Amino acid sequence: MSSLSQNPKKTLLFSAMKNPNTLKKKLASRFLKAMKKLKYKMSPSPPASIAEKKRRHRAVRAAAYASMASAVGPRRAWSRALLRKMKGRKRARRNPGNMNTRFGLNHLCDIVPGGEAMDSCSLLNETAHYIKCLVAQVQIMREILHSSSSSSTIL
């Protein structure tokens, strides 16, 4: 039996790296690489304080968002906004001709990264794509959690 079939994490990573054409595979590959970098930066012991737990939470969340935005690339407004936010650049200004209040899309502008500067049609289009990426991200995290929990029970 090969070492790949024994370790589900390696199998997931290998399958994602073998053909990174789909969004989910690109996202999985980049997220796992980001988590591997985080693993080396953080102490191996469990977090002792609440502040340490919050720092780890923010680091994992930032890695998830960065990997999702980089997997999509700059062709989407929400991914550009996330990448700008990660680099510490200022947000785009709200489009003055925006009719979001009439259509009740104010809350959507706040949820979708970069939504403040979009018109209603673009905002709905970007929201649909953002949701698709979030669903893929959740599926990947569930697969990682499932594979790590099943491999830890074997040991």
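Please read all numbers here as calculations on a predicted model, not as lab measurements.

Undergrad: Explain the overall build of the protein chain here, please?
TA: Counting its regular elements, the protein chain contains eight helices and zero strands. In the protein chain, the order of α-helices and β-strands from amino to carboxyl end is α-α-α-α-α-α-α-α. Burial status across the protein chain gives 33% buried among its 155 residues. Surface exposure of the protein chain reaches about 10600 Å², of which carbon and sulfur atoms provide 59%.

Undergrad: Where do I start with the nonpolar core in this structure?
TA: If you look at the biggest cluster of nonpolar residues, it comprises 23 residues, and the most contacted ones within it are Leu27, Met68, Trp78, Val112, Leu123, Cys133 and Ile140. Of all the secondary structure elements, the ones that give two or more residues to this core are helix H3 (23-41), helix H4 (50-72), helix H5 (77-87) and helix H8 (120-154). Considering each element in turn, this core owes the most residues, six residues, to H8. Among all residues touching Leu27, those that are not within four sequence positions of it are Ser67, Met68, Ala71, Cys133, Ala136, Gln137 and Ile140. Residues Ala34, Met42, Ala59 and Ala63 belong to the second largest nonpolar core, which totals five residues.

Undergrad: Looking at this structure, how should I read the pattern of salt bridges?
TA: Two side chains that carry opposite charge are able to pair once their charged atoms sit near each other. In this structure the tally under the stated criterion is four salt bridges. Note that Glu52 and Arg55 form a salt bridge whose closest N and O atoms lie 2.9 Å from each other. Taken together, the positions of Glu52 and Arg55, both in helix H4 and three residues apart, correspond to about one turn of that helix. The shortest N-O distance in the salt bridge between Arg56 and Glu52 comes to 3.1 Å. Residue Arg56 and its partner Glu52 are both found in helix H4; the two are separated by four residues, about one turn of the helix. As far as the burial class goes, Arg56 and Glu52 line up, both buried.

Undergrad: When you look at the environment of Met141 in this model, what are you seeing that I'm missing?
TA: Looking at the secondary structure, you find Met141 in helix H8. A sequence separation of 77 residues divides Met141 from Ala64, and the C-alpha atoms of the two residues are 9.3 Å apart. What Met141 contacts, discounting residues up to four positions off in sequence, is Phe31 and Ala64.

Undergrad: What should I look at first to understand H5 in this one?
TA: All of the buried residues along H5 are Ala77, Trp78, Ser79, Ala81 and Leu82. In the stretch just after H5, Gly88 is the one whose phi turns positive, near 80 degrees.

Undergrad: Just checking my understanding: could you explain a positive patch on the surface for this structure?
TA: Taken together, the side chains of Arg30, Lys33, Lys37 and Lys41 present a region of like positive charge at the surface. Relative to the assigned elements, Arg30 resides in helix H3.

Undergrad: Honestly, the side chain of Arg56 in this entry has me stumped. Any pointers?
TA: The buried category is assigned to Arg56, whose relative accessible area is 17%. Beyond its immediate sequence surroundings of up to four residues, Arg56 is in contact with Met42, Ser43, Ser45, Pro46 and Pro47.

Undergrad: Looking at this model, I keep getting lost on the packing of H4 against H5. Mind explaining?
TA: Relative orientation of the contacting elements H4 and H5 amounts to 135 degrees, with a least axis distance of 9 Å. It follows that H4 is oblique to H5 by the angle criterion. Handedness of the H4/H5 crossing: left-handed. Along its contact with H4, which presents Ala62, Tyr65, Ala66, Met68, Ala69, Ser70 and Val72, the element H5 presents Trp78, Ser79, Leu82, Leu83 and Met86. The residue inventory of the contact of H4 with H5, partitioned by class, reads ten nonpolar, two polar and no charged.

Scoring rules and cut-offs
- Residues numbered from 1 in each chain as written.
- Predicted model: local features only at pLDDT ≥ 70, side-chain atom pairs only at ≥ 80, totals over all residues.
- Heavy atoms only, no water.
- Helix = DSSP H or I, 4+ residues; strand = E, 2+ residues; numbered from the N terminus.
- Buried < 20%, exposed > 50% of the residue type's maximum accessible area, 1.4 Å probe, protein only.
- Areas by Shrake-Rupley, 256 points an atom, 1.4 Å probe, with all protein chains shown as cover.
- Core = buried A, V, L, I, M, F, W, Y, C linked by side-chain atoms within 4.5 Å.
- Contact = heavy atoms within 4.5 Å.
- Salt bridge = Lys/Arg side-chain N within 4 Å of Asp/Glu carboxyl O.
- Patch = residues over 30% accessible without salt bridge, like charges linked within 9 Å, V, L, I, M, F, W, Y side chains within 5 Å.
- Lys, Arg positive; Asp, Glu negative; His and termini not counted.
- Charge placed at Lys NZ, Arg CZ, Asp CG, Glu CD.
- Axes fitted to C-alpha atoms, helices over the stretch in contact; angles between N-to-C directions.
- Parallel < 35°, antiparallel > 145°, perpendicular 65-115°, else oblique.
- Left-handed = near helix turned anticlockwise from the far one by under 90°.
- Nonpolar A, V, L, I, M, F, W, Y, C, P; charged D, E, K, R; others polar.

Take it as geometry only, folks, not as evidence of what the structure does.
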